[in-house]
Amino acid sequence: MLTRAEVVQRYAAARGLVVTPEQWRFYDVFGSFRLAVIAQQIYYRFHAGQTTNPAYGEFREVVRFLDHHCTALVRPS
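Given the structure is predicted, the values throughout are model-derived calculations rather than measurements.

Rules of the game
Residues numbered from 1 in each chain as written. Predicted model: local features only at pLDDT ≥ 70, side-chain atom pairs only at ≥ 80, totals over all residues. Heavy atoms only, no water. Salt bridge = Lys/Arg side-chain N within 4 Å of Asp/Glu carboxyl O. Helix = DSSP H or I, 4+ residues; strand = E, 2+ residues; numbered from the N terminus. Buried < 20%, exposed > 50% of the residue type's maximum accessible area, 1.4 Å probe, protein only. 1 Å grid on protein atoms, 1.4 Å probe; cavity = no way out; pocket = protein on both sides within 12 Å on 5 of 7 lines; lining within 4 Å. Points joined across faces, edges and corners; volume = space filled by probe spheres on them. Nonpolar A, V, L, I, M, F, W, Y, C, P; charged D, E, K, R; others polar.

*Asks:* Tell me about the pattern of salt bridges, and please be specific about residues and values.
*Replies:* In the structure shown here, the tally under the stated rule is three salt bridges. R4 is paired through a salt bridge with D28; the nearest N and O atoms lie 3.1 Å apart. Here R4, found in helix α1 (residues 4-15), pairs with D28, found in helix α2 (residues 21-47); they are 24 residues apart in sequence, far enough to count as distant. Judged by relative accessible area, which is 10%, D28 ranks as buried. E61 is the salt-bridge partner of R64, the closest N and O atoms lying 3.1 Å from each other. Note that R64 and E61 are positioned in helix α3 (residues 59-74) at a spacing of three residues, about one turn of the helix.

*Asks:* How would you explain the layout of surface pockets if you had to name every residue and give the values?
*Replies:* There is about 150 Å³ of room inside the largest pocket. Residue lining of the largest pocket: V7, V8, Y11, L17, V18, V19, Q23, W24 and Y27, and that is the complete set. Elements represented by at least two residues in the lining of the largest pocket include exactly α1 and α2. Classifying every residue of the lining of the largest pocket by side-chain character gives eight nonpolar, one polar and no charged.

Have a look at this one:
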């Protein structure tokens with residue numbers, strides 16, 4: 001299984017691109033934020049009773065994880 005860095009490296013090489021660590025960080029944060037928004041919308045629908053799948057009740061934790069992930073990327077220690 002390829003690491004994220006290896007996937008980015010292979011994709012960039014195949015497309016003739018150079019992806020700097022700063023650019024990759026932007027795309028990582030952007031993608032994680034988009035996933036958090038989607039998960040939040042699904043959780044909201046569950047919480048509001050608009051859907052009944054109990055698995056959607058766990059999406060709150062997914063949103064929290066993605067929030068922490070994005071924060072760690074934006075504010076590295």
